[in-house]
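Architecture and fold: a report
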Amino acid sequence: MLRIITQQADVSAELQRICDRTHDEQVLHKEATVREVLQAVKRQGDKAVLHYTAEFDHQTLKPEELRVSGSELDAAYQQVSKELLQAIRLACRQIEAFHRQRVPKSWIHFGDDEVVLGKRYTPVDRAGLYVPGGRAAYPSTVLMNGIPAKVAGVPRVVMVTPPGVGKAINPAVLVAAQEAGVQEIYRVGGAQAVAALAYGTETIPKVNVITGPGNIYVTLAKKLVYGTVGIDSLAGPSEVLIIADEHANPVNVAADLLAQAEHDPMAAAILLTTDAALAKNVQVAVERQLVDHPRRIDTEKAIAHYGLIVVVESLEAAAELSNEFAPEHLELEIKDPWSLIPQIRHAGAIFLGYSTPEAVGDYLAGPNHTLPTSGAARYASALGVETFLKHSSIIQYSQTALQKVAGAINVLATAEGLPSHADSVRRRIQQEE
Ligand SMILES: NC(=O)C1=CN([C@@H]2O[C@H](COP(=O)(O)OP(=O)(O)OC[C@H]3O[C@@H](n4cnc5c(N)ncnc54)[C@H](O)[C@@H]3O)[C@@H](O)[C@H]2O)C=CC1
Ligand SMILES: N[C@@H](Cc1c[nH]c[nH+]1)C(=O)O
Ligand SMILES: [Zn+2]
């Protein structure tokens, strides 16, 4: 049963507990497992990858089966319906159009005294996309990761995804990969996949950046390999926080809460409402919709552990609680959602109004669905083209310009006790005189 509490109770502490669910003591034993997997893959390469694939995914693979073959990729097109292919292509177009909107551009500024300054953007050489596949198949995530990598111009894009039952990756995932321009796919998931991409194995190449969402094991692994490789953000078990007023439809709100909860037993689904009657009606609607839910057991776990309805005093109070939580997805199911926007400081994606369910963003509105979770939206953002780019600063000084700043550099270098720094400037000035 989805719990209802009022704002008088210790709401902040309860929200914090839910927010921290991926980094509290209960996940420590999972972190120990992940550390073991990372070390083993680093030392033993493919052998460890295959070992953990057998242990956690229950699939016995030979090294040569790790990479998805060309014939499997071709065959996937025969296994998806025309409607599914059309939907994937529609999503592709909309996601690509969105991500092409504001691609970071190199720039150069020619200043006084022939000083040239700028930034030059270049893609990483190799990107590794993690596409989840434990409890559901995620062709949409293939597009959300593959398209920005393509727009960024990454020369080599590698994808990993769990092997699936009978070693068969969902054909929609393989079709989506090809539509997004990804051809190099490996049948491996979990922490062992992240480790393979971070350290490289005999079969799987080491990459420069690992992107994509995943469950607690994937997210902990990404956190631990950060530094050896770059990552997009900690995009772990899904979350939605809905702020709703008395005009919201309780059945729709319940469906949106369940749409998150069904992802994972560790997913979070929170409603903050100014209307006590709506709170009760949503609670009842959630129960009803769970009755014949095909993923009932896991979804109920998420609702029981990380689901919550809070009756708040005002929309302003709701906005403040939402900021404390910093949700991955925030839905504003209120009459004038734009009026609350100025008060929202932290959220991965914001969905406005009664007719914008999060699912529209999950699949095809265009913005990325790979978003920071567990409070990471306080400092991180959605995956984007920039995730696959880095920039080099460009600096050119003329002799005249150098002469003008030599004194200041000398003072700063002396203050830092670094005489060679001062000397490197002084010598050039003296050479000129
Ligand atoms: N934040 C975001 O942007 C998004 C998050 N998600 C989240 O991605 C996740 C997908 O999760 P899954 O379906 O589980 O797929 P997954 O691919 O993330 O995880 C499955 C892998 O976990 C490993 N694993 C399972 N049990 C294990 C154990 N006991 N010990 C060690 N490793 C184990 C297995 O190797 C398996 O391949 C969900 O939490 C979902 O909410 C999905 C889309 C977007
Ligand atoms: N809701 C997921 C994305 C998703 C993919 N497919 C369905 N939903 C998230 O956390 O962003
Ligand atoms: Zn979803």
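Criteria and thresholds
Residues numbered from 1 in each chain as written. Chains lettered and ligands numbered in written order. Predicted model: local features only at pLDDT ≥ 70, side-chain atom pairs only at ≥ 80, totals over all residues. Heavy atoms only, no water. UniProt positions renumbered as here; feature names shortened; annotations may be inferred. Helix = DSSP H or I, 4+ residues; strand = E, 2+ residues; numbered from the N terminus. Contact = heavy atoms within 4.5 Å. Areas by Shrake-Rupley, 256 points an atom, 1.4 Å probe, with all protein chains shown as cover. Lys, Arg positive; Asp, Glu negative; His and termini not counted. Charge placed at Lys NZ, Arg CZ, Asp CG, Glu CD. Polar contact = N/O pair within 3.5 Å; in protein donor to acceptor, adjacent residues only side chain to side chain. pLDDT = per-residue confidence, 0-100. Pairing = 2+ DSSP bridges. Axes fitted to C-alpha atoms, helices over the stretch in contact; angles between N-to-C directions. Near = heavy atom within 4 Å. Nonpolar A, V, L, I, M, F, W, Y, C, P; charged D, E, K, R; others polar. Phe/Tyr/Trp six-rings, centres within 6.5 Å; stacked < 30°, edge-to-face > 60°. Buried < 20%, exposed > 50% of the residue type's maximum accessible area, 1.4 Å probe, protein only. Lys NZ or Arg CZ within 6 Å of the ring centre and 35° of its normal.

Looking at an unreviewed UniProt entry, the protein carries the name Histidinol dehydrogenase, with the source organism given as Cylindrospermum stagnale PCC 7417. Per UniProt, the protein has the following entry under Catalytic activity (unreviewed entry): "L-histidinol + 2 NAD(+) + H2O = L-histidine + 2 NADH + 3 H(+)". What the UniProt record of the protein gives under Sequence similarities (unreviewed entry) is the line "Belongs to the histidinol dehydrogenase family."

Helix and strand counts for the protein come out as 17 helices and 14 strands. Counting only C-alpha atoms and orienting by the principal axes, one finds that the protein spans roughly 85 × 60 × 45 Å. In the protein, 75% of the contacts between residues at least 6 apart in sequence involve partners at least 24 apart. Total accessible area on the protein stands at roughly 20,100 Å², and carbon and sulfur atoms take up 52% of it. Charge centroids of the protein, computed over 40 positive and 50 negative side chains, lie 7 Å from each other.

A word on the side chain of Thr273. Within the secondary structure, Thr273 sits in strand β10 (residues 268-273). A distance of 2.9 Å separates the side chain of Thr273 from the backbone oxygen of Ala244, its partner in a polar contact. There is a polar contact of 3.0 Å between the side chain of Thr273 and the backbone nitrogen of Asp275.

The sites that carry the UniProt feature "active site" (unreviewed entry) are, in the present numbering, Glu328 and His329. Structurally, the position occupied by Glu328 is in the loop between α13 (315-325) and β12 (329-333). Reaching out from Glu328, the side chain makes a polar contact with the side chain of His329 at a distance of 3.4 Å. For His329, the position within the fold is in strand β12. Apart from residues lying up to four places away in sequence, His329 is in contact with Glu239, Val240, Leu241, Gln260, Ala349, Phe351, Glu358, Asp362 and Leu371. One polar contact links the side chain of His329 to the main-chain carbonyl oxygen of Glu239, over a distance of 2.7 Å.

Right, let's talk about the confidence of the model for the protein for a bit. Mean pLDDT over the protein: 97, with 100% of residues reaching 70 or higher. This complex was scored by the predictor with a pTM of 0.97 and an ipTM of 0.99.

A few words now on the sheet that holds strand β9 (residues 239-244). Across a sheet, paired strands are connected by hydrogen bonds in the backbone, their directions being either parallel or antiparallel. Strand order in this open sheet of six strands is β1-β11-β10-β9-β12-β13, and the pairing throughout is parallel. Because the sheet does not close on itself, it has two edges, and the strands there are β1 (4-6) and β13 (349-352). Across the sheet, the axes of successive neighbouring strands diverge by a mean angle of 20°, strand direction being ignored.

Attention now moves to the site of ligand 2. Neighbouring ligand 2 are Tyr138, Ser140, Ser238, Gln260, His263, Glu328, His329, Glu358, Asp362, Tyr363 and His369. With respect to ligand 2, the side chain of Glu328 contributes an N or O atom lying 2.8 Å from an oxygen atom. Contact distances for ligand 2 include 3.3 Å between an oxygen atom and a side-chain N or O atom of His329. Starting from 300 Å² of accessible surface for ligand 2 in isolation, the protein chains cover 93%. The dominant element in the shell around ligand 2, judged by the number of residues it contributes, is helix α15 (residues 358-363), at three residues. A breakdown of the residues in the shell around ligand 2 according to their chemical character gives two nonpolar, six polar and three charged.

Right, let's get into the packing of aromatic side chains. All chains considered together, the criterion is met by one aromatic pair. The interplanar angle of 10° and the centroid separation of 5.7 Å between the aromatic rings of Tyr52 and Phe56 together place this pair among those described as stacked. Taken as a pair, Tyr52 and Phe56 lie in helix α3 (residues 46-57) at a separation of four residues, close to a single helical turn. The exposure class assigned to Phe56 is partly exposed, which follows from its relative accessible area of 39%. Sitting over the face of the ring of Tyr306, Arg21 holds its NZ or CZ atom 5.7 Å from the ring centroid.

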